[in-house]
Amino acid sequence: MAVKNNVLVCTPLECETLEEMMASMEKAKEEGADPVELCIASMACSHISDVDKLIKQRTLPAIVSFRLKSSRTLSNGGCYNTCLKVLKRALELDVEFVEMDYEVASDANMTEYLYNRSNSRIIVSSYVNGWKPSTEKLADLIARMQATGADVIKLDICVDYITDLAPVFTILTHSQVQLIAMAAGSRDLISQLLGPKFGGFLVYGSLGGKSIPGLPSLLSLRQVYKIEYMNADTKVFGLISNPVAHSKGPILHNPTFRYTGYNGIYVPMLVDDIKEFFETYTGSDFAGFSVGIPHKEAAVTCCDEVHPLAKSIGAVNTIVRRPMDGKLIGYNTDCEASISAIEDALRGRQVSKNGVPHSASPIAGRTFVLIGAGGAGRALAFGAKLKGARIVIFNRNYKRAKALAKAVSGEALPYEFLEKFCPEKGMILANASAIGMEPNSHQSPVPKEALRAYELVFDAVYTPRNTRLLKEAAEVGAIVVSGVEMFARQALGQFRLFTSGLAPEDFMRKLVMEQF
Ligand SMILES: O=C1C[C@@](O)(C(=O)O)C[C@@H](O)[C@@H]1O
């Protein structure tokens, strides 16, 4: 049985009135918050007098904070005085935690209160903004903040790239003082998700199931990531992609880690520069990666060794750090996943004369029309070629289409010809472009009438499950194969590589059916 850590999960409450604060607190309790942060600066001026009541009636342990920068209605001078008043009162009322900006904690007016506090623990916070964090600079800032008598130090960090978080993790790991690192931006989600692994004192989650940039939802922290079970030995797996928020990987891999008893976490990583990412995160803690758009081709050059199939495809969607020597090994699980999904669907229909399914690939000798020449397109093209199909490629960037066609001895045609392309009936169509993906689910790469030329239509897009392309293909009588099928199969292949052989296929399939 896994042991729980003692990391606190907190949700900040920013409400205008006492009633709203109380109602949100109840909701936070239901969603699994340990303490709530009562952000008093968010309360309207006329309700500040309710702070006493709010603290006394709280139903969860609380952090009372007054962030000077976010005071809703008060002018600067009034704001500062109100801030001191609120924090002093919170100390008098012995609230569990009182949080204050570094400049407030350094104010002589607070010294006596800080010194004479009884049970309240003091969180001193500072913004790390406008400079790139380094371990030296962060350590220096922490030392200065500690001198105020803080029990806990909080760094409110603003970074441009996911790689800027590496020194933050180093500081979290080595800090002698209890530390909170809060980085709120779309590239910073892992600052909260991995906080418990690196020894963070507390992490934040948002209320109401909504994750806002940089802040995972409380519900996902509790139900998907189960971060209360994370510890220093937890291996980190991540999806390197841009965009990344659409991925269902976390809701598939995380429960599967727990089901198999593997101590791992799978997190979305919004990465801009994959090369820089691997130059920065070199430790064995970062054990494996899925690679999504647009990095699958560049990923090949980041690996120390690449599996022959991935090498010939020229795209990697899975990277494992080999425990023995730390080398990065690249694989491609998209190819087998997509081609086997198409084959199985065709086999469902194709039965030989004596009633036994054909053993040869049902793709062999067929015309395979491919839209897209990126990482997923390359996997499909090479897979179809291996099975003996004739490949015709359409891609908005014609040069890329031609290069891929050359590599698979196929043909590239200008994108405008796609709509009218109908050399024969009964072809196979595969969309490996992002057309039709949420939020553009009203789009389809091929008009409905043109779909009559195809026996089977496959869409690599899996959000939504039933894309417009697939709906229209089904309406004209084609066999349809959803990207969800490919997603499930490629994820199973990844999980096997991540864990050196675990492959709970039935469990993963059931999850996909229930959750997608
Ligand atoms: O194409 C996909 C989907 C994916 O990017 C995701 O959305 O989770 C993960 C990749 O590994 C895979 O090849």
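All values derive from a computational prediction rather than experimental measurement.

### Examining the overall build of the protein
Logical step 1: If you tally the helices and strands in the protein, you get 19 helices and 20 strands.
Logical step 2: Scored against the burial criterion, the 516 residues of the protein give a buried share of 56%.
Logical step 3: Taking all contacts inside the protein whose residues are at least 6 apart in sequence as the whole, residues at least 24 apart take part in 68%.
Logical step 4: Carbon and sulfur atoms make up 51% of the accessible area of the protein, which totals about 21900 Å².
Logical step 5: Here the protein contributes 56 positively and 55 negatively charged side chains, and the mean placements of these two sets differ by 7 Å.

### Observations regarding unusual backbone geometry
Logical step 1: The residue after Asn-242, namely Pro-243, is reached through a cis peptide bond having omega 10 degrees.
Logical step 2: Relative to the helices and strands, Pro-243 resides in the loop between β9 (235-241) and α10 (249-260).
Logical step 3: With an omega dihedral of -5 degrees, the bond running from Ile-293 to Pro-294 counts as a cis peptide bond.
Logical step 4: By the secondary structure assignment, Pro-294 is in the loop between β11 (286-291) and α12 (298-302).

### Thoughts on the pairing of strand β14 (residues 328-331)
Logical step 1: Bridge analysis of strand β12 (residues 305-306) against β14 gives two bridges, and the strand direction is parallel. Counted as the bridge partner of Val-306 is Gly-330 from β14.
Logical step 2: Relative to β14, strand β13 (residues 318-321) is paired through four bridges, and the arrangement is antiparallel. By the bridge assignment for β14, Thr-318 is matched with Tyr-331.

### Quick look at the sheet that holds strand β15 (residues 367-371)
Strand pairing in a sheet relies on backbone hydrogen bonds, with the paired strands running either antiparallel or parallel.
Logical step 1: Taking strand neighbours across the sheet as the criterion, the six strands line up as β17-β16-β15-β18-β19-β20 in an open arrangement whose pairing is parallel. This sheet does not close on itself; its edge strands, each paired only once, are β17 (411-413) and β20 (479-481). Strand-to-strand twist across the sheet, computed as the mean angle between neighbouring axes with direction ignored, equals 20 degrees.
Logical step 2: Two strands pair when backbone bridges link them, and β15 and strand β16 (residues 390-394) are joined in this way by five bridges, in the parallel orientation. If you follow Phe-368 over to β16, its bridge partner there is Ile-391.
Logical step 3: Helix α15 (residues 375-386) rests against β15, β16, β18 (427-431) and β19 (454-459) of the sheet, and its axis sits at about 170 degrees to β15.
Logical step 4: Packed onto the sheet, helix α16 (residues 398-407) meets β15, β16 and β17 and runs at close to 165 degrees relative to β17.

### A few points about the environment of Leu-60
Logical step 1: Locating Leu-60 in the fold gives a position in the loop between α2 (51-56) and β3 (62-65).
Logical step 2: Those residues in contact with Leu-60 that lie beyond four places of it in its chain are Met-25, Ala-28, Lys-29, Ala-33, Asp-34 and Val-36.

### Remarks on the environment of Pro-447
Logical step 1: Checked against the element boundaries, Pro-447 lands in the loop between β18 and β19.
Logical step 2: Residue Pro-447 is classed as partly exposed on the basis of its relative accessible area of 33%.
Logical step 3: When the C-alpha positions of Pro-447 and Val-177 are compared, they lie 61 Å apart, and in sequence the two are 270 residues distant.

### Some words on the sheet that holds strand β2 (residues 36-39)
Logical step 1: As summarised here, the arrangement of the eight strands in space is β7-β6-β5-β4-β3-β2-β1-β8, forming an open sheet in which the pairing is parallel. Bordering the open sheet on either side are β7 (178-183) and β8 (202-204), each of which pairs with just one other strand. Strand-to-strand twist in this sheet, taken as the mean axis angle between neighbours without regard to direction, amounts to 25 degrees.
Logical step 2: Where helix α1 (residues 18-31) meets the sheet, its contacts fall on β1 (8-13) and β2, and the angle it forms with β2 comes to roughly 165 degrees.

### Some details on the domain arrangement of the protein
Logical step 1: Along its sequence, the protein is organised into domain 1 (8-231), domain 2 (233-332) and domain 3 (336-481).
Logical step 2: Taking only C-alpha atoms into account, the centre of domain 2 sits 27 Å from that of domain 3.
Logical step 3: On the side of domain 3, 11 residues touch domain 2, which itself brings 12 residues to the contact.
Logical step 4: Across the interface of domain 2 and domain 3, roughly 950 Å² is buried in total on both sides, 63% from carbon and sulfur atoms.
Logical step 5: The largest contributions to the domain 2 side of the interface with domain 3 come from His-246, Glu-297 and Ile-313, which together make up 49% of the buried area.

### Description of helix α18 (residues 483-498)
Quick reminder: α-helices carry 3.6 residues per turn. Residues three or four places apart thus point the same way.
Logical step 1: Under the 1.5 Å per step criterion, the end-to-end length of α18 is 22 Å for 16 residues, consistent within 8% with the ideal 22 Å.
Logical step 2: Burial within α18 is extensive, with 13 of its 16 residues counted as buried.
Logical step 3: Two to three positions downstream of the cap, the backbone nitrogen of Val-484 sits 3.0 Å from a side-chain oxygen, assigning the N-cap of α18 to Ser-482.
Logical step 4: After α18 finishes, the residue Ser-500 shows a positive phi value of roughly 55 degrees.

### Here's the deal with the side chain of Asn-431
Logical step 1: Structurally, the position occupied by Asn-431 is in strand β18.
Logical step 2: Separated by 2.7 Å, the side chains of Asn-431 and Ser-433 make a polar contact.
Logical step 3: A polar side-chain atom of Asn-431 sits 2.9 Å from a polar atom in the side chain of Asp-459.
Logical step 4: For Asn-431, the residues in contact, after removing those within four places along its chain, are Ile-371, Pro-445, Phe-458, Asp-459, Ala-460, Val-461 and Leu-469.

### As for the state of the cysteines
Logical step 1: Applying the stated rule across the entire model yields zero disulfides.
Logical step 2: The thiol sulfur of Cys-158 is not disulfide-bonded, and the nearest other cysteine sulfur, from Cys-39, lies at 18 Å.
Logical step 3: The class of Cys-158 is partly exposed, set by a relative accessible area of 41%.

### Focus on the packing of aromatic side chains
Logical step 1: Evaluated as defined, the whole model comprises 19 aromatic pairs.
Logical step 2: An angle of 90 degrees between the planes, with centres 5.0 Å apart, marks the rings of Phe-278 and Phe-289 as edge-to-face. With Phe-278 in helix α11 (residues 274-280) and Phe-289 in strand β11, this pair connects stretches of sequence that are 11 residues apart. Taken as a pair, Phe-278 and Phe-289 share a single burial class, namely buried.
Logical step 3: Residues Phe-487 and Phe-516 carry aromatic rings whose centres are separated by 5.5 Å and whose planes lie at 45 degrees to one another, so their mutual orientation is tilted. Taken together, the residues span a long stretch of sequence, with Phe-487 in helix α18 and Phe-516 in the segment after α19 (505-515) at a distance of 29 residues.
Logical step 4: Among the residues examined, Phe-487 registers a relative accessible area of 7% and is labelled buried.
Logical step 5: In textbook terms, an aromatic cluster arises when at least three aromatic residues are bridged by ring pairs, as seen for Phe-169, Phe-198, Phe-277, Phe-278, Tyr-281, Phe-286 and Phe-289.

Here is what the cut-offs are and how they apply
- Residues numbered from 1 in each chain as written.
- Predicted model: local features only at pLDDT ≥ 70, side-chain atom pairs only at ≥ 80, totals over all residues.
- Heavy atoms only, no water.
- Helix = DSSP H or I, 4+ residues; strand = E, 2+ residues; numbered from the N terminus.
- Buried < 20%, exposed > 50% of the residue type's maximum accessible area, 1.4 Å probe, protein only.
- Contact = heavy atoms within 4.5 Å.
- Areas by Shrake-Rupley, 256 points an atom, 1.4 Å probe, with all protein chains shown as cover.
- Lys, Arg positive; Asp, Glu negative; His and termini not counted.
- Charge placed at Lys NZ, Arg CZ, Asp CG, Glu CD.
- Pairing = 2+ DSSP bridges.
- Axes fitted to C-alpha atoms, helices over the stretch in contact; angles between N-to-C directions.
- Domains from an automatic or database assignment.
- Buried area = accessible area lost by both parts, 1.4 Å probe.
- Expected span 1.5 Å × (residues − 1).
- Polar contact = N/O pair within 3.5 Å; in protein donor to acceptor, adjacent residues only side chain to side chain.
- Disulfide = S-S within 2.5 Å.
- Phe/Tyr/Trp six-rings, centres within 6.5 Å; stacked < 30°, edge-to-face > 60°.

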